[in-house]
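# Observations on the model geometry
So the chains spell out like this:
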Amino acid sequence: MRYVIIGASAAGQAAAETLRQWDPQGSITVISDEAQPLYSRPLLTYLLSGEIRPEKVWLKGADYFQEWGFEARLGEEVVQVVPADREVRLASGRVCPYDRLLIASGARPKVPGIPGEDLEGVFTLRNLADWRRLESGLEGVRQVVVVGAGAVGLKTADALMRRGFEVTLLARGAQPLSRMLDATAAAMLMDAVATMGIDLRCHSWPVALKGDGGRVKKLILNSGEELPAQAVLFSVGVTANVDFLEGTGLGDPGGILVDRKLRSRDPRIFAAGDCCRPHHLLSPGQWPYHIWPAAVDQGRVAGANMGGGSRLYPGLLPQNSLSLRGFKIISGGLGPHDTKDCEIVAELDQSRGHYRRLAYREGRLVGLTLVGAVAHAGIYFQLMAQGLPAPEPVTPGLLWG
Ligand SMILES: Cc1cc2nc3c(=O)[nH]c(=O)nc-3n(C[C@H](O)[C@H](O)[C@H](O)COP(=O)(O)OP(=O)(O)OC[C@H]3O[C@@H](n4cnc5c(N)ncnc54)[C@H](O)[C@@H]3O)c2cc1C
């Protein structure tokens with residue numbers, strides 16, 4: 001059996017290893033356009049802040065592919081998948097035939113499409129090459145604007161502050177992490193961000209970037225205000241890497257729709273990780289959700305099924321964990337907008353900086369936010385993941401250490 005996997009990161013690697021267990025003899029080809037894959041993307045902001053050294057990001061050694069008996073095609077870009085011929089075509093002209101294909105090509109940062117985006121000093125952060133570009137572009141910079149106050153935007157802003165830059169963080173809505181946090185948790189986060197010295201601006205976004213000598217100099221905000229910046233970093237969401245599927249009807253920038261076995265509409269083609277649109281555990285919809293552990297779980301399920309197994313993906317459980325200089329937030333399940341019909345148990349201990357919001361539907365926990373005291377998050381996630389009846393809205397104060 002010939003297996004081909006596009007992408008050698010969280011999902012691709014987990015799938016390849018699982019597949020090897022299911023089919024010790026099969027030929028497994030792993031393709032990545034990164035010359036050195038197998039590193040931790042979540043550690044990129046720690047690399048940026050200087051908290052870790054570059055060698056700490058590697059997850060596997062140089063012999064990894066050989067040890068597992070994988071054929072690695074690194075630094076090679078897939079330009080087309082042709083389902084009718086069961087072929088993957090590479091930019092180099094090489095063709096990789098397959099019996100089963102996994103698409104684990106992840107996602108890339110979106111940019112808003114405003115004038116001035118092509119100026120020098122404008123960045124995104126998705127991979128090691130982006131980090132290197134950013135590092136070399138920060139020389140002589142004093143003011144940086146991070147556009148987008150999601151988890152990655154917040155961590156990037158923190159990393160840049162630690163490096164001594166003046167950082168402004170723009171949130172399009174009324175608060176950061178608007179899909180995850182209610183107003184109380186968001187207010188605590190905003191206080192922490194202000195204490196860190198980050199200038200957080202809500203209801204703010206750039207409408208144009210202006211430069212001088214080809215290099216960015218300022219942003220023009222929606223309010224008309226001009227914000228000086230010698231570097232701008234966009235963190236405004238991602239789009240699935242599926243250009244090579246054009247014309248196949250198998251995927252679009254929103255991701256590849258998959259069934260419970262993580263098969264696309266073509267039963268020989270599977271998808272996992274940031275490029276796929278899986279079922280969710282607590283709601284009927286299918287949409288992409290970009291976290292490392294979900295990519296690994298999906299990779300394992302897809303790998304087993306490619307190798308002849310019959311595993312069902314239980315559904316994605318959103319989980320977020322953010323730690324900014326000792327200020328900790330863990331959230332998961334359904335966010336505040338999706339729990340309006342739920343019973344909410346919320347407790348705030350202002351003096352200790354602790355907040356807990358639990359959302360219950362029909363006696364089951366479906367949404368969680370913990371601020372400050374996060375020690376018992378694992379218990380809550382188990383309750384949600386297994387759909388166990390939660391002990392009557394957990395007694396307030398019981399689980400706080
Ligand atoms: C800065 C940052 C911080 C993050 N922090 C966290 C965190 O704290 N916790 C968390 O859970 N998640 C975090 N994430 C998200 C997490 O990294 C992703 O969810 C995870 O990497 C998804 O894995 P994946 O295998 O689906 O895709 P990816 O990791 O994106 O890997 C896909 C691979 O496929 C390659 N590829 C794409 N197109 C092609 C092509 N045409 N040809 C060949 N190869 C191709 C890509 O270059 C890449 O190497 C963070 C992400 C970033 C960028």
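Here, the structure is the one placed above.
Given the structure is predicted, the values throughout are model-derived calculations rather than measurements.

So, how was this worked out
Each chain has its residues counted from 1, running along the sequence as written. Residue-level local features of this predicted model are given only where pLDDT is at least 70; pairs of side-chain atoms are given and counted only at 80 or more, and the full residue set underlies all totals for whole chains, interfaces and linings. Only heavy atoms go into the side-chain values, all of them from the structure, while hydrogens and water stay out. In this text, helices come from DSSP runs of H or I with a minimum length of four residues, and strands from runs of E with a minimum of two, each type numbered from the N-terminal end. Between two residues, a contact is recorded if the distance between any of their heavy atoms is within 4.5 Å. In plain words, nonpolar cores are sets of buried Ala, Val, Leu, Ile, Met, Phe, Trp, Tyr and Cys residues tied together by side-chain atoms within 4.5 Å. Buried, partly exposed and exposed residues are distinguished by accessible area as a fraction of the type maximum, computed with a 1.4 Å probe on protein chains only: under 20%, between the cut-offs, and over 50%, respectively. Pairing between two strands requires that DSSP report at least two bridges joining them. Axes, fitted as lines to C-alpha atoms, cover a helix only where it is in contact. Angles between the N-to-C directions of the axes lie from 0 to 180 degrees. Any Phe, Tyr or Trp ring, taking Trp's six-membered ring, that has another such ring centre within 6.5 Å forms a pair; planes under 30 degrees apart are called stacked, those over 60 apart edge-to-face, and the others tilted. Within this scheme a cavity is a closed region of a 1 Å grid, computed over the protein atoms alone, that accommodates a 1.4 Å probe without allowing it to escape, whereas a pocket is open but has protein on both sides within 12 Å along at least five of seven lines; lining residues each have an atom within 4 Å of a point. Grid points are joined across faces, edges and corners, and a volume is the space filled by probe spheres set on the points. When residue character is reported, Ala, Val, Leu, Ile, Met, Phe, Trp, Tyr, Cys and Pro are called nonpolar, Asp, Glu, Lys and Arg charged, and the others, Gly included, polar. Here, a salt bridge means any Lys or Arg side-chain nitrogen found within 4 Å of an Asp or Glu carboxyl oxygen. The near set for a molecule or strand comprises every residue that places at least one heavy atom within 4 Å of it. Polar contact criterion, stated in full: a pair of N or O atoms within 3.5 Å, where within protein one must be able to donate a hydrogen and the other to accept it, and residues adjacent in sequence count only if both atoms are side-chain atoms. Computed with a 1.4 Å probe, the accessible areas rest on the Shrake-Rupley method; for each residue, only the protein chains presented here act as cover. Boundaries of every domain are those given by an automatic assignment or by a domain database. In these notes the angle categories are as follows: under 35 degrees is roughly parallel, over 145 is roughly antiparallel, 65 to 115 is roughly perpendicular, and the rest is oblique. Handedness of each helix crossing follows the sense of rotation of the near helix against the far helix: counterclockwise by less than a right angle gives left-handed, clockwise gives right-handed.

## Focus: the environment of P228
With respect to the helices and strands, the residue P228 is situated in strand β15 (residues 226–228). Considered as a pair, P228 and G26 are 202 residues apart in the sequence and their alpha carbons are 56 Å apart. Excluding anything up to four places from it in sequence, P228 contacts Q143, V145, K217 and K218.

## What about the nonpolar core?
Within the largest apolar cluster, 52 residues are counted, with the highest numbers of intra-cluster contacts made by V81, V88, L101, L102 and I103. Counting residues in hydrophobic clusters, the runner-up holds 44 residues, among them Y39, W131, L200 and I329.

## Details of the sheet that holds strand β3 (residues 70–74)
Spatially, five strands are ordered β3-β2-β1-β7-β19 in an open sheet, and the strand pairing comes out parallel. Since the sheet does not close on itself, it has two edges, and those belong to β3 and β19 (269–271), each with one partner. Across the sheet, the mean angle from the axis of one strand to that of its neighbour is 20 degrees, orientation sign disregarded. As paired strands, strand β7 (residues 100–103) and β19 are joined by three bridges and run parallel to one another. Across the sheet, L102 pairs through a bridge with F270, a residue of β19. Helix α1 (residues 10–22) contacts β1 (2–6), β2 (27–32), β3 and β7 of the sheet and is inclined by roughly 165 degrees relative to β1. Taken strand by strand, helix α7 (residues 292–306) contacts β1, β7 and β19, and its axis lies near 170 degrees from that of β7.

## As for the packing of aromatic side chains
In the structure shown here, the tally under the stated rule is five aromatic pairs. Ring centres of Y64 and F70 lie 6.0 Å apart, and the angle between their planes is 65 degrees; this geometry places the pair in the edge-to-face category. On the basis of relative accessible area, Y64 is assigned to the buried category, the value being 4%. Under the relative-accessibility criterion, F70 is labelled buried at 6%. Seen from their ring centres, W68 and F70 are 5.9 Å apart, and the 20 degrees between their planes marks the pair as stacked. Note on W68: relative accessible area 26%, which makes it partly exposed.

## Observations concerning the layout of surface pockets
Unfilled space is identified by rolling a water-sized probe across the atoms. When its volume is computed, the second largest pocket comes out at roughly 230 Å³. By residue number, the principal contributor to the lining of the second largest pocket is α7, which donates four residues. Residues of the lining of the second largest pocket, tallied by class, amount to ten nonpolar, two polar and two charged.

## Considerations on the pattern of salt bridges
Taken as a whole and judged by the stated rule, the model has 27 salt bridges. When the shortest N-O distance is used, the salt bridge between D85 and R89 registers 3.4 Å. Of the residues examined, D85 reaches a relative accessible area of 45% and is grouped as partly exposed. Assessed through its relative accessible area of 27%, R89 is described here as partly exposed.

## Re the site of the ligand
In the vicinity of the ligand lie 29 residues, with S9, D33, E34, R41 and R126 positioned nearest. Here an oxygen atom of the ligand sits 2.6 Å away from a polar atom, N or O, in the side chain of S9. Relative to its free-state accessible area of 1,000 Å², the ligand is covered by the protein chains to the extent of 90%. Here the shell around the ligand takes three residues from α7, the largest share from any one element. Looking at the shell around the ligand, its residues break down into 13 nonpolar, eight polar and eight charged. Shared between two domains, the shell around the ligand takes at least three residues from each, and those domains are domain 1 (2–45 + 58–108 + 238–306) and domain 2 (111–234).

## Overview of the sheet that holds strand β14 (residues 215–221)
Spatial ordering of the open sheet is given by β13-β14-β15, a layout of three strands whose pairing is antiparallel. The outermost strands of the open sheet, each flanked by one partner alone, are β13 (206–212) and β15. Each strand axis lies, on average, 30 degrees off the axis of its neighbour in the sheet, ignoring direction. Judged from the three bridges that link them, β14 and β15 form a sheet pairing that is antiparallel. Note on β15: the bridge partner recorded for I220 is E226.

## Comments concerning the environment of A272
As for its position among the elements, A272 is in the loop between β19 and β20 (276–277). The exposure class of A272 is buried, given its relative accessible area of 1%. For the pair A272 and S105, spaced 167 residues apart in sequence, the C-alpha separation works out to 8.4 Å. Leaving out residues up to four positions away in the same chain, A272 has contacts with A11, L102, I103, A104, Q298, G299 and A302.

## Details of the packing of α1 against α7
Remark: α1 packs on α7, axes separated minimally by 7 Å, with the N-to-C direction vectors making an angle of 30 degrees. On the basis of the axis angle, α1 is roughly parallel to α7. Crossing of α1 against α7: the hand is right-handed. Residues A10, A11, A14, A15, T18, L19 and W22 of α1 pack against W292, A295, V296, G299, R300, G303, A304 and M306 of α7.

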